[in-house]
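Next come the chains, spelled out residue by residue.
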Amino acid sequence: MATILGIESTCDETAAAIVVGGTRVLRNVVASQVEIHARYRGVVPEIASRAHIQGILPVLRESLQSDGLIDWDSIDAIAVAHRPGLIGSLLIGVTAAKTLAWSLGKPLIGIDHVHAHLYSVMLDTGEAPELPAVGLVCSGGHTALYIVRDWLDVTLIGSTIDDAVGEAYDKVAAILGLGYPGGPIVDKLAQGGDPSAIRFPRTLLDRDSLDFSFSGLKTAVLYHIRGVPRRGESVKEHPPLTLSESELANVAASFQAACIDVLRLKLQRAAERFNARSIIVGGGVSANRGLREALAQFGLPVHFPKFAYCTDNAAMSAGLAQVYFARGQFSSLDLDAITFSAFRA
Ligand code: KG4
Ligand code: ZN
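Note that the coordinates shown come from a computational prediction; the quantities given were computed from them, not determined experimentally. (Residues numbered from 1 in each chain as written. Chains lettered and ligands numbered in written order. Predicted model: local features only at pLDDT ≥ 70, side-chain atom pairs only at ≥ 80, totals over all residues. Heavy atoms only, no water.)

Focus on the sheet that holds strand 9 (residues 278-282)
Now for step 1: In spatial order, the strands read 8-7-6-9-10; together these five strands make up an open sheet with mixed pairing. Looking along the sheet, the strands with just one partner apiece sit at the ends: strand 8 (153-159) and strand 10 (302-303).
Now for step 2: Pairing geometry for strand 6 (residues 133-138) and strand 7 (residues 143-150), over six bridges, is antiparallel. Bridge pairing in strand 7 places glycine 135 opposite tyrosine 146.
Now for step 3: Its contacts with the sheet place helix 8 (residues 245-273) against strand 6, strand 7, strand 8 and strand 9, and it is angled at close to 150° to strand 6. (Pairing = 2+ DSSP bridges. Helix = DSSP H or I, 4+ residues; strand = E, 2+ residues; numbered from the N terminus. Contact = heavy atoms within 4.5 Å. Axes fitted to C-alpha atoms, helices over the stretch in contact; angles between N-to-C directions.)

Here is the structure:
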């Protein structure tokens, strides 16, 4: 059983964690940049990289020093999410991890961030999903389905052809004049609304498709609020509707219902096609209360991460690294930062 230090810097969280034996999280430090990016209503890559540079050493220090000192001798390996992500952001975590591995003489383990989102259901839960499982990673940057036959045997079976579902949440929140990130705000508003108030589209693509599309749904919400523009006209020429509290909640609930219907239906299709024995849902949107409630009746065991491990964190990478460690699979010190996932069609 190894004690692994994990590092995360793929997007806008600078994080470090220490995980024992792949599941027991000793430390989980996350420095969020949400406040820095909120005024732009999205992540600005250049600003994110600079914030990672400022954050990485304090975050690493805190992971080792808070709550009693953990010395370097008790760390068996250094794990880092080295793909996919923003290149400038990734470089900070990868450079820190390689420097530590080289200077301390510890093995280095490069982790795919979406792979780690799937593994996050193992952290602090004491429950391992029965395999094969269909995995859904739904976040601000990703919406994709995988078949997980083993923790190191993962195949991509479907992905979004445009927006990620979390991105749709963030954009809808912006359309409604709410804050950033939009997911938690829309989720909360939706609790008080009527999900059948407005019939927003459910884009399912071809009959057999396991891919997703959320940009049409986002546009439907935009047109609902600002009206459908005539030919040659910009939607910006239409002033937004002034919505009462309850109308706003109805838009949020109806949008959320459309997202959940699509995610549930695609999970059903995939589970049937691949004879899955369980479902894994990870990524920021897996924190969504409506989604958790809807999947409670799925008919197969559905595994969600604990709330702390839904959004980006380093514990999921440090946890997954245990599987590589146990099988003696290490990365070399020329590990690269790579913008795309290892799991591709
Ligand atoms: O996993 P994550 O931290 O970053 C990426 O890898 O993209 O996910 C962040 C995304 C954001 O789009 C945020 O709006 C969404 O997850 N999110 C939620 C909820 N909490 C976070 N979406 C829906 N409902 C939530 N409760
Ligand atoms: Zn993520």
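Here's the deal with the packing of aromatic side chains
Now for step 1: All chains considered together, the criterion is met by five aromatic pairs.
Now for step 2: A centroid spacing of 6.2 Å and a plane angle of 80° characterise the contact between tyrosine 146 and phenylalanine 343, whose relative ring orientation is edge-to-face. Here the residue tyrosine 146 occupies a position in strand 7, and phenylalanine 343 occupies one in the segment after helix 10 (315-326), the gap between them amounting to 197 residues. We note that tyrosine 146, like phenylalanine 343, is buried. (Phe/Tyr/Trp six-rings, centres within 6.5 Å; stacked < 30°, edge-to-face > 60°. Buried < 20%, exposed > 50% of the residue type's maximum accessible area, 1.4 Å probe, protein only.)

A short note on the packing of helix 2 (residues 45-65) against helix 3 (residues 87-104)
Now for step 1: At a minimum axis separation of 8 Å, helix 2 and helix 3 run at an interaxial angle of 30°. Looking at the two axes, helix 2 sits roughly parallel to helix 3. Considering the relative orientation of helix 2 and helix 3, their crossing is right-handed. Residues Ala48, Ser49, His52, Ile53, Ile56 and Leu60 of helix 2 form the contact with helix 3, whose own contacting residues are Gly88, Ser89, Ile92, Ala96 and Leu100.
Now for step 2: Class assignment of the residues belonging to the contact of helix 2 with helix 3 gives a composition of seven nonpolar, four polar and no charged. (Parallel < 35°, antiparallel > 145°, perpendicular 65-115°, else oblique. Left-handed = near helix turned anticlockwise from the far one by under 90°. Nonpolar A, V, L, I, M, F, W, Y, C, P; charged D, E, K, R; others polar.)

Structural notes on the site of ligand 1
Now for step 1: Near ligand 1 lie 20 residues; those nearest to it are Gly140, Gly141, Asp170, Gly183 and Asn288.
Now for step 2: Here an oxygen atom of ligand 1 and a backbone polar atom of glycine 166 are 3.2 Å apart.
Now for step 3: In the environment of ligand 1, an oxygen atom lies 3.0 Å from a nitrogen or oxygen atom belonging to the backbone of aspartate 312.
Now for step 4: Considering ligand 1 on its own, with 560 Å² of exposed area, one finds that the protein chains cover 90% of that surface. (Near = heavy atom within 4 Å. Polar contact = N/O pair within 3.5 Å; in protein donor to acceptor, adjacent residues only side chain to side chain. Areas by Shrake-Rupley, 256 points an atom, 1.4 Å probe, with all protein chains shown as cover.)

Structural notes on the nonpolar core
Now for step 1: Among the nonpolar cores identified, the biggest contains 48 residues, and Leu145, Phe200, Phe214 and Phe255 are the most heavily contacted of them.
Now for step 2: Looking at this core, the elements that each hand over two or more residues are strand 6, strand 7, helix 5 (165-175), helix 6 (182-191), helix 7 (215-226), helix 8, strand 9 and helix 9 (289-295).
Now for step 3: Examining the composition of this core, we find that 14 residues originate from one element, helix 8, more than from any other.
Now for step 4: Beyond its immediate stretch of four places on either side in the chain, leucine 145 contacts Val134, Gly135, Leu136, Thr155, Leu156, Ile157, Gly158, Leu210, Phe212, Lys266, Leu267 and Ala270.
Now for step 5: Counting residues in hydrophobic clusters, the runner-up holds 36 residues, among them Val25, Ile111, Val154 and Tyr309. (Core = buried A, V, L, I, M, F, W, Y, C linked by side-chain atoms within 4.5 Å.)

Describing unusual backbone geometry
Now for step 1: The linkage connecting arginine 83 with the following residue, proline 84, adopts the cis geometry, with an omega of -20°.
Now for step 2: Here proline 84 shows up in the loop between strand 4 (77-83) and helix 3.
Now for step 3: In this model, tyrosine 180 is joined to proline 181 through a cis peptide bond whose omega is -5°.
Now for step 4: Considering the arrangement of structural elements, one finds proline 181 in the loop between helix 5 and helix 6.
Now for step 5: In this structure, arginine 41 is a non-glycine residue whose phi angle is positive, near 55°.
Now for step 6: By relative accessible area, arginine 41 is classed as exposed at 53%.
Now for step 7: One non-glycine residue with positive phi stands out, namely leucine 205, at about 60°.
Now for step 8: Relative to the helices and strands, leucine 205 resides in the loop between helix 6 and helix 7.
Now for step 9: Using a relative accessible area of 35% as the deciding quantity, one classes leucine 205 as partly exposed.

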